[in-house]
Each structure stands twice: as C-alpha cells, then as structure tokens.
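# Structural features, examined
Next come the chains, spelled out residue by residue.
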Amino acid sequence: MKVLKFGGTSVGTVESIRTLMEILQKEKSESGNPVVVLSAMGGVTNLLVSMADKAAAGEDFSSYLTELESRHFDVVKALLDVPRQNPVFTKLKIFFNQLEDLLQGISSLRELTPRTRDLVLSFGERCSTFMVSKIADQYLGDAVFGDAAELIKTDTNYGNAKVQTEITDILIRGFYEENKGKLIFITGFIGSTDDGKITTLGRGGSDYTAAIVGAALNCSAMEIWTDVNGMMTADPRMVKKAFPLKELSYTEAMELSYFGAKVIYPPTMIPAFMKKIPIVIRNTFQPDFPGTFISHESKRSEHSVKGISSINEISVINLQGSGMVGKAGFSGRLFSLLAREQINVVLITQSSSEHSITFAVNPADAIKAKQLIEHEFELELEAKKIERPEIEEGLSVLAIVGENMKETPGIAGTLFHALGRNGVNVRAIAQGSSEYNISVIISQYDLAKGLNAVHDAFYTDLKKTLNIFCLGTGNIGKTMFRQIEEHRDFLKQQNGIVLNIIGISNSRKMIFNEGGLSLQNWEETLNTSGEPADLDAFVARMREMNLPNAVFVDNTASPAPIARYAEVLNSTVSVVTCNKIGNSSSYEQYKTFKDLAHQHGVDFYYETNVGAGLPIIRTLKDLMMSGDRVIRIEAILSGTISFIFNDFKGDVTFHDIVKMAQEKGYTEPDPRDDLRGTDFMRKMLILARDAGYPLEAEDVNIQSMLPQSCLDATSVDDFYKELQVNNDFFEKLKNEAMSSGKVLRYIGKLENGNVSIALEMVDENHPFYMLSGSDNIISFTTDRYKERPLVVKGPGAGAEVTAAGVFADIVNVGAR
C-alpha cells in the first residue's frame, strides 16, 4: 500500500483533477487502493490568508469568499454528474457558511488569534479533499473522506503544531481498518488538539501529513505529486541546465531541502525516514516520468556532487573579540539565547583562534538577534571583551551536496575555482566532518552566476556555456558569426561547448538577449531592434548581467574599446581581441592587461594580433612554459610585403608589383602604410613582449625598404612616380639577390632582446627562401630547435583566417 500526496497545483483546476483521477486509476489497478492526502486547491490558502487579514482589519472580504465558492462549484459542475452534484454543493455550502460566520466574528472583534487563523486556513484542505473524494467516488468507486482533524492529534502550538505520535498512529490505523478496501482521502496540513480545536502543521504541512499517515500504516512508499519532475540538480529558475535527480539518500534530500530546494520541506520527511519508507517525487503533469526516488541508501552516482542548493536571501551576523578566546560555554550561551527566542541559525562558522563567530539567519530575524546579543552580553561589551555585533545583508548561501563527496579529493578545489574564476567572492565557509555538504556565503548579486558556474564545473557531461559580448560587425565579425553558426553542432558534440552570443555592437547599433541571439538573422535583428550604440553602456550592461563564463570580444581596429579592457578584466570577464592597438601601445598598458587577467583568474587572448589564424602566440607560450629557451625569432608578418617580394622577380618592376598588390586589395589605399613596416613593427613588438622583453615601440629598429623620396611623396600618384624614378634602386637589389642565388625578404628578427626589421637576402638554406604568395612565416630557434628551427607558415591575413583565430581563442577560454 502506498500513500500519495497531491499538492495545490495537482488539484487546482478541472484538467489537473482529471489527470489526478487517471493517476489514481492506474495506481489502483497496479497496486490496489492507495491512501491519498490532498492540499487545498492552488492559491486557496493565500486567498484564505487574505480574507482573514481583511476581516481583522474590518475590510470587505466578500469578493474573496465568492471567488472561493466559484472555484469549487465550477469543478463540481464540470466533473460530477448532475444527480451527484447537490449533496456536494450542500456540504461545500455548509463549509463556506461556517467560514463566513467565522470571518464575520473576526471582523466584529478586529482580532485574529493564531487559533482562529488555523481554523480559517483549515477550510482550504477540507473543501478540496471532500470535493475530490466525491469525484473519485464517481470515477473510481468506493471513495471515503477522512478529516485529519479527527486523526492527527497535536499540542496547542497553533500555526506550527507538534504531533502526538502515539495517539495519532492509533487513530490513523483505526480509521484505515474501518475503511479497508476503500479509496481513502485525507486532508493535509491540519490536526487538532485533545479538546478538538483545529491546528495546522506549519510549512510543508500536507507533506508532513502524508509522512505521518505513511509511517503509521507502514506503507511501502510515499509519493509526493507536484508540478516538477523531481528534485533538481539546482534551482531551474536560475540554472537553465538543471536536470532531475534519479535517486537521493535521505541525508542528501535533507541537505538539499534545508538549503533551499522547495520540492519538499525537511522536517516533513522525518516520520518516513524513521521507518525507512521510500519517498518518490513525481510530476502530476508528466505522470510517466519516474521522478526522484529518495531512500535510506542511494546508488553511487557518476557525479561527485548530487545537487547544488541555495538560499536566496540571508543576513550574516559577525561577533568577535578577545573575550571569546578560550571562553568555555560562550558559543552555548549565544546559540541557546537564539534558540529560546525561536531564531533559526542557518549556518555557523568559527575561526580556529576562537576570536570570531559568524552565523547566518533569516533577514527578518537579524535585527532582533543583534538586539538580543547586545542585551545578553552587555557586560562583555562594556568591558570591550567583545565588539558590537555587525549585520551584513544582501547575501545568499550556495551549498553543494552529495554522499560521494566524502573522501573524494578536489571537491572543495573545484567549487572555489569555479567561483573564483567568475569573480564570486566567498564571505564565509562551512563544512561538517560528514563531508556531505560544503556551504559558502556569497553576495546575493552573484548567486545566479555562482550557481551556473558551479553547476558547469561539477556536471561536466553537460555542455560548457560561454556567454559572449561582441564588438565589431565588419568583415571579421561577420565571418566569425558565420563560422560559429556553421560549427555550432560540432562544438556541442565534439567539444562539449555552447557559445551564446549575448550582446552585439557596432558603431551604430547594439542589442542584447540574455538567452542568446540567433546568428541566423543577427544582422537584421541588430538593424531593426537595436538601440543606439554606446560603448560605456554596452560594457555596463554586460557587467549588470553578471553572467558566468563571460567573454568580451573586440573585433574592431579602434582604440576606444582598449580603454575599457581594464574595467572588463576587473569584472572577471575574459577578453579575446584581434585589435593589436592595446598590446602594441605602451608596455605598461600591455603588462596591466596581463596582470589583471592573472589576478582575476580570467583569460586575455590575442593570437590574431600577430598572425591572424596562425598559432604563433600559443606556440611561443608553449615553448616557454615547457622550459625551452628562445634564442632567436625570425618572421615575415605582413601578407602585403610577403606578396610583393615573393613576386618581385624576372622582368616585373617594383612599381608594377606594388600596383598589382594594391589592385588585389592586399594594401591599404596608400601602400606606404604597409611598406613603412609600422604594422609589422607592432606584431614584432608584441612577440618580443610575450618572449619576456619590456620593449617600447621606439626600441624596434626598422630599416626602410623605400628611398626617402618615395616616403616623402605628397600623394599616392606621386608615390608611384617616385617608384618609377627609383626603379634602378630596386632593380639593383633584385639583380644582386638573383646573381647570388638568393631572394629578397623583409624580415623581422628578435635576438638577445633586440628587435629589428630589415630587407635581407636569403639563400635556399633559409626557411624563408621558398615562401610564396601572401603567406606569413615565422621560425623559432630555441635550445631544442637549434639545428632545424620550428617553423609556422600560412595565410597571415584575411577575414576568414582572422575570424577563425578569434573563434579558436574564444573556444579556448577557460580551457587552460
């Protein structure tokens, strides 16, 4: 025999009650008649509270009473045959008349005592249970209504009455034996004193009723039917990836429920726990889903942590002082005081020096607790042995729970790394010796971010989500969005990564969507629904969202975003950029960005600053991290210059090859912007800094490849004329190289901390001899790669490869 409890949503509408009947029909055919415990219809308890409060204030409550009658009568009309309706209407009308008389009395006296409040609230369960029992009698046959006020005996602590277990068990068993073979419906939430005064069992009262009934009857299982698929790995309102748990032990369920899981209230489970009766959490609206099975022992889970729970709002009280050190009984005196005054302490932590105690309470109790402490320890405060208690507000508790945590190394490390990497500061920590629970107090502002970060860290079989904010929608930005969309499924399946584009901005418009923007029509959405672009507002909105694993992507060539990098990194947001201005400006700025990323445990990636999609920065970093010593770096890091000198041969003049490069779109509108080597210089400067040299731009020695007259030309047309005038200069260089079996290459070099860029002639033994097209190339000569340098070669420019480099940097965020 089972006990099935149905909550307010399960009896809240005509459709939900029809579903309830189907569930009971199936249960009856498979396992025989269960005992059913019911809550009030959804929302009715709140309605009764409002009626009582209005009556006590002398206000009109008639509209609420009419609504209450209508809800019940509408169900009766919809689900009962006409001949069966009148007896039910009559009984319900008696209940409503009794309630109205009671409310009139409250209104006349302008007084609402706890006892009277309990009586008012009892009408919710009595009406719903009687009504549903009569519907079941029609649909399923032989149903009987049981009023828990006649079965469950309690003390006189109205609002949260304590059950007298021995007499209650006798009464429940007697009622069950009298009605054996029938489908029994019992009101949840209510009981009565020895002299018959109705009481209520407090929060989770209907679950408690089911547990009391189940324990008294030694049932085989207790099922709690609600509107969710069981207990979840985290609060699904804040963690979209949360999923139902298949199994939990009693201990795990208690811990999760205590720290905020709302599906079941911890004290209500105790009667079932004591008898080792399994509890199953089921969903009325998805009855085929197996739900969560809670038992004395659960099977070992593949996850070290079963669930992540939270209390959204708590206050912390700090008490410290030298008078606490070595003082026997101080803690007992403190917490006995709070217990006497019915102040529940959620969490306690004490320093090993005994100099301070920190504990968390409900915010509503914080001021009272502080006043009680100041009164109790008045002498110690006057003697300066302890300091006045301090209250911290706006805090939350985050707790990880699981029996597998016991003796599993690294659990705390994973928790604190996930929080730290996302900039979530831990204010206090508590862990019992049982190792079933690690609780931390964090800012309420950071709770959602913390929950998501920790959930991602412990449930690694789920997809890791990166939340991306993108600046720039030019060629690189557009191409990157296309690449991300094309590879979305591959990233999920092969890498376990989901990229959510949360914000997009260009110089005109910006748009946000915390759930993620569609990359199939992002451009249309931005143009039609975007708000005016504002870089400061874009960064501010990103910070306000406070999302975990956030990444700020700069796909512009503007100096404006660079000025916000420090603010972004200080907000514990990673930065990925193809904008080389930041790293090639002052060394102090470059070092600031690197230091802030390290300080806050986030990433600052800029692979595309040097070689577009070529793995140059990462290769250098890996060489140095593995202990290799870089002797020399040689590079050609300009696609334009590479093309010009790779094709400057035969009868082609230097004027013609530069003109061809411009026509192919390889050069800037003024080719001198490329041929001066300024962009090349920036790339070599970044490489030198990454190699450990604190250089400035003026430290780079650039040898011009152009005669001064070409550089001084007043226009592009004049520049081309000067190239023709100086044709002999270039022909001489070409012929000299050809005659000696060499080729011309404009090479950047880093050696002994010195950076130079110069036109050189190299022979066939040099790795740059066979370079073709507009490819970039770089060689690393190190202690390990001394005889044959390590060479990286490929396209070093273009939207496709640059976007791919940015894409790769994004995917690597958090991976190292």
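Figured I'd write up the structure that's included with this text. What you are looking at is a predicted structure, and each value in this text was computed from that prediction instead of being measured.

Parameters and conventions
- Residues numbered from 1 in each chain as written.
- Predicted model: local features only at pLDDT ≥ 70, side-chain atom pairs only at ≥ 80, totals over all residues.
- Heavy atoms only, no water.
- Pairing = 2+ DSSP bridges.
- Helix = DSSP H or I, 4+ residues; strand = E, 2+ residues; numbered from the N terminus.
- Contact = heavy atoms within 4.5 Å.
- Axes fitted to C-alpha atoms, helices over the stretch in contact; angles between N-to-C directions.
- Polar contact = N/O pair within 3.5 Å; in protein donor to acceptor, adjacent residues only side chain to side chain.
- Buried < 20%, exposed > 50% of the residue type's maximum accessible area, 1.4 Å probe, protein only.

### What about the sheet that holds strand β27 (residues 754-762)?
What the six strands build is an open sheet, ordered β25-β27-β26-β24-β28-β29; its pairing is mixed. The sheet is open, and its two edges are formed by β25 (701-702) and β29 (790-795), each paired on a single side. For strand β24 (residues 630-636) and strand β28 (residues 775-782), the ladder comprises six bridges, and the chain directions are antiparallel. Bridging across to β28, V630 finds its partner in T782. Running over the sheet, helix α24 (residues 639-646) touches β24, β26 (743-751), β27 and β28 and is turned about 145° from β26.

### Some thoughts on the side chain of K2
When you line up the elements, K2 lands in strand β1 (residues 2-6). A distance of 3.3 Å separates a polar atom in the side chain of K2 from a polar atom in the side chain of E223.

### A closer look at the pairing of strand β13 (residues 356-361)
Taking burial as the measure, the six residues of β13 include six buried ones, the bulk of the element. Burial of the side chains of β13 extends over both faces: S356, T358 and A360 are buried on one face and I357, F359 and V361 on the other. Two elements, strand β11 (residues 307-320) and β13, share six bridges in a ladder whose sense is antiparallel. Bridging from a neighbouring strand, S315 pairs with V361 of β13. Both strand β12 (residues 345-350) and β13 contribute to a ladder of five bridges, which runs antiparallel. Opposite I348, over in β13, you have F359 as the bridge partner.

### Notes on the side chain of S206
Mapped onto the fold, S206 is located in helix α7 (residues 205-217). Overall, S206 belongs to the buried group, its relative accessible area being 7%. Look past the residues within four positions of S206 in its chain and what remains in contact with it is K5, V37, L38, S39, E125, G188 and F189.

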